[in-house]
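Spelled out from the first residue to the last, the chains are:
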Amino acid sequence: MSVAFKIFTDILDLRKNNIIKFFLKNECRIFIWLLSVTRFEENIIKNFEFYYKNIPDDVSSKININIQIDLAIAKGYLYKKKSNIDKRSMIITASEESVDQFNKLIKIIKKNLD
């Protein structure tokens, strides 16, 4: 069995998970997921502007970014809370389960590349 096929089948198995299935649906969601789970421990203000600046315009519009974030929040994959620094700003962070599923996906990819 080729390495690429093994990675593909492992990822297909993971896609049965609702979080992974949700975020791998389109490019915008993938970017949102990557941005929300990376630097999870660091104190970066991840408000809507953070996502607008880091997702290329040719991938998604600001309106679509808002819609995708709101869908992820409604499903419990992301959380929205008020900023302690700027009370007008909302901070978007990944749920612990989203981070765990992301780490599982990365672990499978790394394992199959070795």
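The paragraphs below set out a description of the structure included in this document. (Residues numbered from 1 in each chain as written. Predicted model: local features only at pLDDT ≥ 70, side-chain atom pairs only at ≥ 80, totals over all residues. Heavy atoms only, no water.)

**A short note on the overall build of the protein**
Looking only at helices and strands, one finds six helices and two strands in the protein. For the protein, the α and β elements follow one another from N to C terminus as α-α-α-α-α-β-β-α. Expressed as a percentage of its 114 residues, the buried residues of the protein come to 36%. Within the protein, counting contacts between residues at least 6 apart in sequence, those at least 24 apart form 52% of the total. (Helix = DSSP H or I, 4+ residues; strand = E, 2+ residues; numbered from the N terminus. Buried < 20%, exposed > 50% of the residue type's maximum accessible area, 1.4 Å probe, protein only. Contact = heavy atoms within 4.5 Å.)

**What about helix 3 (residues 27–37)?**
Listing the buried residues of helix 3 in full gives Cys28, Arg29, Ile32, Trp33, Leu35, Ser36 and Val37. Where helix 3 begins, one side-chain oxygen reaches toward the backbone nitrogen of Cys28, 3.2 Å away; that side chain belongs to Asn26. (Polar contact = N/O pair within 3.5 Å; in protein donor to acceptor, adjacent residues only side chain to side chain.)

**Re the side chain of Lys46**
With respect to the helices and strands, the residue Lys46 is situated in the loop between helix 3 and helix 4 (48–54). Side-chain polar atoms of Lys46 contact the backbone oxygen of Leu35, separated by 2.7 Å. Within the local environment of Lys46, its side chain forms a polar contact with the backbone oxygen of Ser36, the two atoms lying 3.3 Å apart.

**Quick notes on the packing of aromatic side chains**
Tallied over the full model, the rule gives seven aromatic pairs. Ring geometry for Trp33 against Phe102: centres 5.3 Å apart, planes inclined by 85°, an arrangement best described as edge-to-face. Here Trp33, found in helix 3, pairs with Phe102, found in helix 6 (residues 96–113); they are 69 residues apart in sequence, far enough to count as distant. By the burial criterion, Trp33 is buried, and Phe102 matches it. Measuring from ring centre to ring centre gives 5.3 Å for Phe50 and Tyr51, while their planes differ by 90°; the resulting arrangement is edge-to-face. Phe50 gets classed as buried once you look at its relative accessible area, which sits at 18%. (Phe/Tyr/Trp six-rings, centres within 6.5 Å; stacked < 30°, edge-to-face > 60°.)

**A few points about helix 5 (residues 62–75)**
Since there are 3.6 residues in each turn of an α-helix, residues three or four apart along the chain are aligned in direction. Compared with the 20 Å implied by 1.5 Å per residue over 14 residues, the 20 Å span of helix 5 between its first and last C-alpha is a close match. For helix 5, the secondary structure elements touched by its buried residues are helix 2 (18–23), helix 3, helix 4, strand 1 (78–82) and strand 2 (90–94). Positive phi shows up at Gly76, right after helix 5, with a value of about 85°. (Expected span 1.5 Å × (residues − 1).)

**Some points on the nonpolar core**
Considering soluble globular proteins, one finds that nonpolar side chains tend to be buried as a cluster. Grouped together as the largest cluster of nonpolar side chains are 24 residues, with contacts concentrated most on Phe23, Ile32, Trp33, Tyr51, Ile65, Ile69 and Leu78. Residue contributions to this core peak at five residues, all from helix 3. In contact with Ile32, not counting residues within four places along its chain, are Phe23, Tyr51, Ile55, Ile65, Gln68, Ile69 and Leu78. (Core = buried A, V, L, I, M, F, W, Y, C linked by side-chain atoms within 4.5 Å.)

**Considerations on the packing of helix 3 against helix 5**
Helix-helix packing is characterised by the crossing angle of the two axes and by the distance between the axes. Running from N to C, helix 3 and helix 5 point in directions that differ by 65°, and their axes come no closer than 10 Å. As far as their axial angle goes, helix 5 and helix 3 are roughly perpendicular. Pair helix 3 / helix 5 crosses with right-handed handedness. Within the contact between the two elements, helix 3 uses Cys28, Arg29 and Ile32 and helix 5 uses Asn64, Ile65, Gln68, Ile69 and Leu71. Of the residues belonging to the contact of helix 3 with helix 5, the class tally is five nonpolar, two polar and one charged. (Axes fitted to C-alpha atoms, helices over the stretch in contact; angles between N-to-C directions. Parallel < 35°, antiparallel > 145°, perpendicular 65-115°, else oblique. Left-handed = near helix turned anticlockwise from the far one by under 90°. Nonpolar A, V, L, I, M, F, W, Y, C, P; charged D, E, K, R; others polar.)

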